[in-house]
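Residue-level structural notes
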Amino acid sequence: MTTPMPMPTDSISSSHTIAVLGNPNVGKTTLFNRIAGIRAKTSNFPGTTQEARIARVKLKAGGQTIESLLIDLPGIYSLNLDLSESKVCVDVLDGTAAPAGEEANIPDVLLVVIDATNLMRNLTIVGETLGRRLPTVVAVNMVDVARRRSIHVDQAKLSECLGCPVVMCSARSGEGVDELAAKLCQAKVPTRSAPTDIDGIERWAQDIYEVVSASPNPIKEDTLTDRLDRAFTHPILGVLSFAAIMTALFWMIFKLAAYPMDWIDLWFGSVGGYVGSHIPPGPIHDLMVDGVIAGVGGTVIFLPQICLLFFLLALLEGTGYLARAAFVIDRALRPFGMSGHAFVPLLSSHACAIPGIMAARAIPDRRDRLATILVAPFMSCTARIPVYILLTSILFPDRPLYQAYAFTMCYAIGILAGLFTSLLFRRTILRGKSRPMALELPSYRIPDLKSALLLTLDRGMIFLKKAGTMILAISIVLWWLNAYPKAGPTDEAIALRTQAESFVEIDQTQADELYAKADSLDTRNAAANSMLGKLGTTFQPIFAPLGYDRQLTVGVLASFAAREVFVSTMAVQVAGSDDVDDDSVLESIANATNDDGSRIFTYGTSWSLLFFYVLASLCLPTLVVTAKEAGGWKWAFLQLGWMSTLAYVSALAAYQFILAAGGS
Amino acid sequence: MMTTTDSKIESKAVPLTQLVRGQTGRIECTQAHPDDCSMLRAMGLHPNASVQMCRLGEPCIISLSGACRIGLAKDIASRVMVHIDE
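It should be emphasised that the depicted structure is a prediction, and the values quoted were computed from it without experimental measurement.

Listed per partner, the contact involves 25 residues of chain B and 25 residues of chain A. Elements supplying a minimum of two residues to the side of chain B that touches chain A: α2 (34–42), β3 (50–55), β5 (68–72) and α3 (74–77) of chain B. Each residue belonging to the side of chain B that touches chain A can be placed in one class, and the counts come to 13 nonpolar, six polar and six charged.

A few words on unusual backbone geometry. Backbone torsion omega between B:E58 and B:P59 reads 0 degrees, so that peptide bond is classified as cis. Residue placement: B:P59 occurs in the loop between β3 and β4 (60–64). Phi angles above zero are rare outside glycine, and A:M142 is one such case at about 65 degrees. Residue position: A:M142 is located in the loop between β7 (136–141) and α4 (143–148). With 28 C-beta atoms packed within 10 Å, A:M142 lands in the buried category. Phi is positive for A:D398, which is not a glycine, with a value near 60 degrees. Examined against the element boundaries, A:D398 turns out to sit in the loop between α16 (385–395) and α17 (400–427). Residue classification places A:D398 among the exposed positions, given that 7 C-beta atoms sit within 10 Å.

Moving on, we get to the environment of A:P485. Residues and elements named next belong to chain A. Tracing the sequence through the fold places P485 in the loop between α18 (449–483) and α19 (491–503). When the 9 C-beta atoms within 10 Å are taken as the criterion, P485 is described as exposed. In this structure P485 touches N529 and S530, once residues within four positions along its chain are discounted.

It is worth spelling out helix α20 (residues 508–529) of chain A at this point. Compared with an ideal rise of 1.5 Å per residue, which puts 22 residues at 32 Å, α20(A) spans 31 Å between its outermost C-alpha atoms and is within 8% of the ideal. Turning to α20(A), its buried residues number three or more, namely A:L514, A:A518, A:L521, A:D522, A:R524, A:A526 and A:A527.

A few words now on the sheet that holds strand β1 (residues 14–15) of chain B. The antiparallel open sheet is built from seven strands, whose spatial order is β11(A)-β5(B)-β4(B)-β3(B)-β2(B)-β6(B)-β1(B). For this open sheet the edge positions go to β11 (438–441) of chain A together with β1 of chain B, each flanked by a neighbour on one side alone. In this structure, β11(A) lies alongside β5(B), joined through four bridges in antiparallel fashion. Across the sheet, the residue bridging to A:E440 is B:I70, located in β5(B). Across the face of the sheet, helix α8 (residues 223–232) of chain A comes into contact with β11 of chain A together with β3 and β4 of chain B while running at roughly 55 degrees to β3(B). Packed on one face of the sheet, helix α12 (residues 321–333) of chain A meets β11 of chain A together with β5 of chain B and runs near 150 degrees to β11(A).

By domain assignment, chain A separates into domain 1 (4–220) and domain 2 (486–525). Centre-to-centre separation of domain 1 of chain A and domain 2 of chain A, based on C-alpha positions: 73 Å.

This brings us to the confidence of the model for chain B. Residue and element names in this part refer to chain B. Averaged over all residues, the pLDDT of chain B equals 84, while 87% of them reach at least 70. Below pLDDT 50 for its whole length, residues 1–10 participates in 14 contacts with residues either more than four positions away or in separate chains. Overall fold confidence (pTM) sits at 0.77, and the ipTM for the predicted complex is 0.88.

Analysis parameters
Position numbers for residues count from 1 along each chain, tracking the sequence in the order it is written. Labels follow written order: the first chain is A, the first ligand is 1, and so on. With pLDDT at 70 or above as the cut-off, local features in this predicted model cover only qualifying residues; side-chain atom pairs require 80 or more to be listed or tallied, and sums for whole chains, interfaces and linings still use all residues. Think of it this way: build a C-beta for each residue from its backbone, and any pair within 7 Å is a contact. Each helix corresponds to a stretch of at least 4 residues labelled H or I by DSSP, and each strand to a stretch of at least 2 residues labelled E; elements are numbered beginning at the N terminus. Side-chain classes follow a simple rule in which Ala, Val, Leu, Ile, Met, Phe, Trp, Tyr, Cys and Pro form the nonpolar group, Asp, Glu, Lys and Arg form the charged group, and the remainder, Gly included, forms the polar group. As a rule, residues whose C-beta atom has 12 or fewer other C-beta atoms within 10 Å are exposed, those with 20 or more are buried, and those in between are partly exposed; C-beta atoms are placed from the backbone. Helix span is expected to be 1.5 Å times the residue number reduced by one. Any two strands are treated as partners once DSSP identifies two or more bridges connecting them. Where helices are involved, their axes are fitted lines through C-alpha atoms of the stretch in contact, as for all axes, and angles between N-to-C directions lie from 0 to 180°. The source of the domain bounds is an automatic or database domain assignment. Confidence scores per residue from the predictor, reported as pLDDT, run from 0 to 100.

See below:
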């Protein structure tokens, strides 16, 4: 009995490496997960946009135990294609690249995973790897599916033709996985090789296929797949089913995530309360409660939505539907210069632009990819939601239907702005026709729950890591800018407190009100005199044509780090508290007044802000990821400049139009 | 890029988009951008590969030797030349 045993990632130091490679859609990652289990993690290849899953495993066979680093390379059709994923695989096989944190060495064993139901094409990549003269094992996956389709593969003959061990397995059921682990322990350099030219390899694959494979002839027509394909890619039915599936997806994300989001909110609230009551008032108290806990809590609250998005997308991808949806979207996006490959990146961007931009790696054409990266932040991410909620409730108090319309309109404006941007860039700096789509349509199947859960766990951890590092740092800097320099009590506040003292024994309620008013005045004064407040005063003239006063300017400036801080920044400024979950605080933001007594959130400024927040690039981490993924800071600055211009002009137009029409 | 297996067959070759649903053929060559040609070839659309038309239109869906399905934008499908089976 042989058992692949996952082991703690840091417990061993081993240089024995097994590289797993194969075509896309052959169940390579499912097989990797079956061997590696929960210990696997995602790692980047430094200097590239490619990533691999890696795991340290202990393979046992008979009396022998090998501790290995298992690397799940990106799925490729050939090592010789001019694509970044093919180049990464070649570099790993050459020993010149390794996942971040690992030493680059030529792999000790190659595990080539091939699909039993599509043997001939899969043999091409086996032929390419045999030429490497490295110990090789070939895993023929999906034998259970092949059996159902009456496709027979002769294991012994195939092993003889390839000159290396061949294992028949099913990653889904676990069949053959123990035997595979044993073969990996004893892998040797193949005794045979394949031709090196493409024509020769194709002939070689065809010859081997004819020797080892037997399938019913003619192959039975797959009528169910045909019907589903025709429905899902139909010009009308395809769009309707796409709309229905996406509506269900988003409904689940927003509906189901609401509960864990409430729990996280409550948890951070109680942690803040606990820490606040155990640390004496002072700078450390403020830093911990207002900076660290509020900042990280405000970000981690989106974790359930992000996990749900990745989980549901992984399930949907597992069904085989996403490849069909890409063609439906391709028809809609092509006139605007994007391809159907942009579908998953743009969909993910509705949760957060960062995973969306990262998903754009899969787009083969460089210009298509750049256009998608530049457009992704226009999609309304979850961080915009608190701002949308605040502004729509100010614009339409007690009219939920109108609020819903305005909410939907925000999403539509973001999408339209994205399409317009793509059209503009593809006609100017990214001139050229979008590459036509050619995509393998995987078989429809029941998605693998374990793989989806492992991916979700991995993505969730990456997000938490980000919240614990970059966002924590931003929160601390913002808190510091907002808290310093400390201002003393104002004369007006001192007078109010003196007045309150005289009321203490006569009317406690009145005294409390006076104290609260004095505290509010001091908070407002401190905010005005803090570094962030002074920045607001300096930059206010720029935002004055949009109808923003100093406090709104501070809110907008603070949002450049991360847009969700707008609501809490406004709360801190106008109410002297950042407890924005309290309805009365939201009301006090809505009714907040200027230094001259006029309302901050008028009809005009609210619409202007809504346009501004839909279109502006208010997210520092997104810019960092854009620079990394697009290959330079010039793209991040272009994104920032273009989005800021579009946001400013639209907000200006909205405000001035409302003023001209007689609104306030 | 253009790959040719036999000049006699090439004279009868027609664009893949001319196959009707259910009709089969053998790929002759692909007349597209070199990167697209390499990609299609690696995906299994190599000269002499057997194809069956599953869905015409945008996208065009073909079955490769009954083993896998490939979706192709009409633009690229019209550049794949096939010899229709009798």
